[in-house]
Number of protein chains: 2
Amino acid sequence: MTKIGLITIGNEILLGKTINTNLGFIGEQLSLIGLPLSQSATIRDNEQDIWHTLNKMWSESDVVITTGGLGPTIDDLTKKTIARFFHKDLVFREEIWQKIQNLFTLRNLTIPKINRTQAFVPQDFITIDNDYGTAPGLHYNIENKDFFALPGVPSEMKPMIVNYIIPFLKTHYPIRPFYQKTIRTFRISESALAEKLSDIEIEDNVEIAFLPQLGKVDIRIYGFSQQNFHKAITSITNKISDYIYGYNDDTILRLVHNKLFSSKLTLSIAESCTGGLIQSQITSNPGSSNYFIGGIVSYSNEVKKNLLNVKEDTLEKYGAVSEETAFEMVKNVRQLFNSDLAIAVTGIAGPSGGTKEKPVGLVYIGINIKGEILVKGFHFSGTRIQIQNKTAENALYLLLKKQQFNSTQENTDFTEKH
Amino acid sequence: MTKIGLITIGNEILLGKTINTNLGFIGEQLSLIGLPLSQSATIRDNEQDIWHTLNKMWSESDVVITTGGLGPTIDDLTKKTIARFFHKDLVFREEIWQKIQNLFTLRNLTIPKINRTQAFVPQDFITIDNDYGTAPGLHYNIENKDFFALPGVPSEMKPMIVNYIIPFLKTHYPIRPFYQKTIRTFRISESALAEKLSDIEIEDNVEIAFLPQLGKVDIRIYGFSQQNFHKAITSITNKISDYIYGYNDDTILRLVHNKLFSSKLTLSIAESCTGGLIQSQITSNPGSSNYFIGGIVSYSNEVKKNLLNVKEDTLEKYGAVSEETAFEMVKNVRQLFNSDLAIAVTGIAGPSGGTKEKPVGLVYIGINIKGEILVKGFHFSGTRIQIQNKTAENALYLLLKKQQFNSTQENTDFTEKH
């Protein structure tokens, strides 16, 4: 198995000033051709650390890639250290100097002298063209192993990965088809999933990973054995089909959007505790104007009463956060906006405002499908923003399920705890 | 100088499926107390790699922190390997099992048997409470060095860093004062800023970094020299004061919220192209119900007409995306909701729907301060979501400025391009 190591060089990353997105990009590109990264190190831009890490990684890998430290400024020592590590001198390469000068001329800029250092390259190294900056990438092949040094700026680094390194690795290293799929689940915890799947046999060359997110868990299945990969997917899917809402890049929001976009049905929304979040999520989708008419954020009781026509009696008797208020909200918003479908939510997002009877996290979600109304109660945990997001996601999920199955079995007084 | 190493464990990071935000957070927190990270490694979740990297990092560091691999599922081997590395047995700790059970009981869930593994801890290790999940953090002090193992889920890991590790390191390691400040600017590009600041002299032991974000640029100043640090801040602030909206963690949203929270004024909002985003941002703040009454998402023209009382004539003559419509929206929404202040936006978020006269990115923002109305036109660039976010931020910025200066110099027909 080919071992590939990545070294990202940069003080800014270790200081938490810059997020290491290069690792994510390179990791993904390599995994797509079945040559996943074995390890990655992030180090400071100094000679000792670069030498030390390069020495270790080179001894453990078939391929080593570095990013960062190729700029023209004095704090960039990478190239010198690389040359010394491979026992090479830095030599001036006229054609690279020409390219750098051209880049400045094209942009009508005078070229700073400091950039001349970028035309020095370790002897016998191949250079990789940089179409978006001044520092060329470097490539050196020795002892049947390959070393690559790339600039750290993502827009300069990415084309070198895609256009040079990936094609090179594909032709020079044994590629094994790599299979991967994400199963996305909702309304079940990681540990409950793990328990349901505890007797699944995962055979050789396939791995599974659980990725818990806010209120959801993704299961990633990946590996080199096509047969075992498909076996794993089938056995997992069979065990937990009730909790699966989608695969790979599916999100609940996107599934709802796709469904409504092609449905010719219209939607309106009334929000209290989510304060516009559901409408904002819906309208983040291009084309949502095809079905989304509009809505009301009824944050105060006055608005619930005056604009949404929730009865004063209902608010007094049951309170703003109640099944009854949610019912009236979802009934009235559909009428007010003259839509086919409607969503309404009311709840206590916190951190304050909770009581013993109505604690923070208590939320009622109403769904109205052409007059057929479903209201469900939930008790969400977490911060204010987590409760708002869980409310939005559950509201969209209810609409999706209701639309999919058109089921009328669930009645309005059903209360669930989450 | 104290050497601190971080190991993030997770196949997912190496496969590019998850961005390594833990490195960013931990790097920043440590740099804030003057104990910056020396190095970081990202490795796969297998016994051999964990052992190997831990062995190397432990020999090179005073403090080692690991994140990831403490979950209950079968893919988590970290704890076993750590125990073996430090020659410890895993022992069952009743009080941790109690805490885990309590967490499930609180949420009305039955506890999966698999979670019992999380109550096993290497002998002699201190545990760090996890208030947001089931896996406790681990701490082991030996040979005047410290080892910490934390869960990989950011919401569980972060409190352990802030509440346990940072205070511990502060009292047990020599801290060198490290100064840092972020100057936050708006409505100026990175290169324009760099040009304005090109003749600033930055002296020894201080560094500055430009961090462009969507429509905004942060300038970070940091270093060990207090004197030069303050000098740098003063000279930068003097040069660009017009563009500074805040410092460090200030956001435009938070500044607006703080201002309104203490103002006793009320706010209502009418949104078209932002589809609820501004209201959602406002209501993400705890306490926003003190001043935010509610609003309308008038996505279709029908809603603008029927609910917001925008004149049919105005819509026909000038169109939904026009200064005139924005004016009526912000006038009427304030009346409808009986609020002191109001915001209204209408525009074309794209990607389709633009024309030559009214291209994608054309947005009108209206601000109403007790009947005094300001409407501004903008032309934002970017994707749909970027245009929506720029619109929201500029709307809040206008309200903030209008509130701050109470200026009436700007008139309603002023059109700016951005």
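Calculation rules
- Residues numbered from 1 in each chain as written.
- Chains lettered and ligands numbered in written order.
- Predicted model: local features only at pLDDT ≥ 70, side-chain atom pairs only at ≥ 80, totals over all residues.
- Helix = DSSP H or I, 4+ residues; strand = E, 2+ residues; numbered from the N terminus.
- Rg over C-alpha atoms; globule rule 2.2 N^0.38 Å.
- Buried ≥ 20, exposed ≤ 12 C-beta atoms within 10 Å, placed from the backbone.
- Contact = placed C-beta atoms within 7 Å.
- Nonpolar A, V, L, I, M, F, W, Y, C, P; charged D, E, K, R; others polar.
- Pairing = 2+ DSSP bridges.
- Domains from an automatic or database assignment.
- Axes fitted to C-alpha atoms, helices over the stretch in contact; angles between N-to-C directions.
- Core = buried A, V, L, I, M, F, W, Y, C linked by C-beta atoms within 7 Å.
- Expected span 1.5 Å × (residues − 1).
- Right-handed = clockwise from strand over helix to strand, strands pointing away.
- Arc of directions from axis to C-beta.
- Parallel < 35°, antiparallel > 145°, perpendicular 65-115°, else oblique.
- Left-handed = near helix turned anticlockwise from the far one by under 90°.
- pLDDT = per-residue confidence, 0-100.

Secondary structure summary: chain A contains 14 helices and 17 strands in total. A globule of 418 residues ought to have a C-alpha radius of gyration of about 22 Å, yet chain A, at 29 Å, is considerably larger. Seen through its principal axes, chain A has C-alpha atoms that stretch 85 × 55 × 45 Å. Within chain A, the fraction of its 418 residues that count as buried is 46%. Sequence separation of at least 24 residues holds for 65% of the intrachain contacts in chain A that already meet a minimum separation of 6.

Let us now look at the interface of chain A and chain B. Contact with chain A, which involves 64 residues of that partner, is made by 66 residues of chain B. When its residues are assigned to classes, the side of chain A that touches chain B shows 29 nonpolar, 24 polar and eleven charged. Two strands pair when backbone bridges link them, and strand β2 (residues 39-43) of chain A and strand β2 (residues 39-43) of chain B are joined in this way by five bridges, in the antiparallel orientation. Across the sheet, S40(A) pairs through a bridge with T42(B), a residue of β2(B).

Further remarks concern the domain arrangement of chain A. Assigned domains of chain A: these are domain 1 (4-172), domain 2 (179-247) and domain 3 (252-405). A C-alpha centroid distance of 51 Å is found between domain 1 of chain A and domain 3 of chain A.

Turning our eyes to something else, we now look at the sheet that holds strand β9 (residues 179-186) of chain A. Residue and element names in this part refer to chain A. If you trace the four strands from one edge of the open sheet to the other, you get β10-β11-β9-β12, paired in antiparallel fashion. Both edges of this open sheet fall to β10 (206-213) and β12 (244-247), since each of them pairs with a single strand only. Each strand of the sheet is rotated relative to its neighbour by a mean of 20°, with strand direction disregarded. Across eight bridges, the pairing between β9 and strand β11 (residues 216-223) is antiparallel. Its bridge partner being in β11, K181 is matched across the sheet by I221. The sheet contacts of helix α8 (residues 226-240) involve β9, β10, β11 and β12, and relative to β11 the element is tilted by about 160°.

Once that is clear, we can look at the sheet that holds strand β12 (residues 244-247) of chain B. Residues and elements named next belong to chain B. Reading across from one edge, β10-β11-β9-β12 is the order of the four strands in this open sheet, with antiparallel pairing throughout. Two strands in the sheet have a free side with no partner beyond their single neighbour: β10 (206-213) and β12. In this sheet, adjacent strand axes meet at a mean angle of 20° when their direction is disregarded. Its contacts with the sheet place helix α8 (residues 226-240) against β9 (179-186), β10, β11 (216-223) and β12, and it is angled at close to 160° to β11.

Turning next to the environment of L308(B). All names here are of chain B. Within the element layout of this structure, L308 appears in the loop between α11 (301-306) and α12 (312-318). Once the C-alpha coordinates of L308 and H139 are considered, the two residues, 169 residues apart in sequence, prove to be 59 Å apart. Setting aside residues no more than four positions away along its own chain, L308 makes contact with A270, I296, S298, V303, M329, N332 and V333.

This part is about the nonpolar core. V330(A), V333(A), I343(A), V330(B), V333(B) and I343(B) are the most contacted members of the largest nonpolar core, which totals 107 residues. No other element matches the eight residues that helix α14 (residues 384-405) of chain A contributes to this core. Counting residues in hydrophobic clusters, the runner-up holds 81 residues, among them I7(A), A119(A), F125(A) and M160(A).

As a further point, take helix α5 (residues 94-106) of chain A. For α5(A), with 13 residues, the first-to-last C-alpha span of 18 Å sits near the 18 Å given by 1.5 Å per residue. One or two steps after α5(A), the chain reaches N108(A), where phi turns positive at roughly 60°.

Regular strands show a simple pattern: their side chains alternate between the two faces of the sheet. A large share of strand β14 (residues 292-298) of chain B lies buried, amounting to seven of its seven residues. Of the strand pairs in this sheet, strand β14 (residues 292-298) of chain A and β14(B) are connected by five bridges, and their pairing is antiparallel. Residue pairing for β14(B): S298(A) is matched across the bridge by G294(B). Handedness of the crossover joining strand β13 (residues 267-271) of chain B and β14(B) through helix α10 (residues 277-282) of chain B is recorded here as right-handed.

All right, on to the pairing of strand β1 (residues 4-9) of chain B then. Residue and element names in this part refer to chain B. Most of β1 is tucked away, with six of its six residues classed as buried. What you see with β1 is no split at all: I4, L6 and T8 on one side and G5, I7 and I9 on the other are buried throughout. Strand direction decides the pairing type here: β1 and strand β3 (residues 63-67), joined by five bridges, are parallel. In the strand pairing of β3, I4 is matched with V63.

All names here are of chain A. Its 14 residues give helix α3 (residues 47-60) an end-to-end C-alpha distance of 20 Å, which sits within 8% of 20 Å, the value for a rise of 1.5 Å per residue. Those residues of α3 lying buried are I50, T53, L54 and M57. On an axial view of α3, the arc spanned by its buried residues comes to 105°, and they lie on one face. Among the exposed residues of α3, those pointing more than 90 degrees away from its buried face are E47, Q48, N55 and S59. For α3, the elements touching its buried residues are β1 (4-9), β2, β3 (63-67) and α4 (78-85).

So, on to unusual backbone geometry. All names here are of chain A. Geometrically, the link from G350 to P351 is a cis peptide bond, its omega value of 5° lying close to zero. One can find P351 in the loop between β15 (341-347) and β16 (362-369). A positive phi angle is found at N205, which is not glycine, with a value near 65°. Tracing the backbone shows N205 in the loop between α7 (190-196) and β10. Judged by C-beta crowding, with 15 C-beta atoms within 10 Å, N205 ranks as partly exposed. Here the phi dihedral of N338 falls at roughly 55°; this positive angle occurs in a residue that is not glycine. Among the structural elements, N338 can be located in the loop between α13 (323-337) and β15.

A separate point is the packing of helix α2 (residues 21-32) of chain B against helix α6 (residues 154-172) of chain B. Residue and element names in this part refer to chain B. Two elements in contact, α2 and α6, have axes whose closest approach is 11 Å; the angle formed by their N-to-C orientations is 15°. One element, α2, and the other, α6, form an angle in the roughly parallel class. The hand of the α2/α6 crossing is right-handed. Contacts between α2 and α6 pair T21, N22, F25, I26 and Q29 from the former with P154, M157, K158, I161, V162 and I166 from the latter. Along the lines of polarity and charge, the residues of the contact of α2 with α6 split into seven nonpolar, three polar and one charged.

Residues and elements named next belong to chain A. For chain A, per-residue confidence averages 90 on the pLDDT scale, and 95% of positions sit at 70 or higher. The low-confidence segment residues 405-418, where pLDDT is below 50, has 18 contacts with residues more than four positions distant or belonging to other chains. Scored as a whole, the predicted complex attains pTM 0.80, and scored at its interfaces, ipTM 0.80.

What follows covers the environment of K170(B). Residues and elements named next belong to chain B. Here K170 lies in helix α6. For K170, a count of 12 C-beta atoms within 10 Å gives the class exposed. Apart from the residues within four sequence positions on either side, K170 is in contact with I33 and I175.

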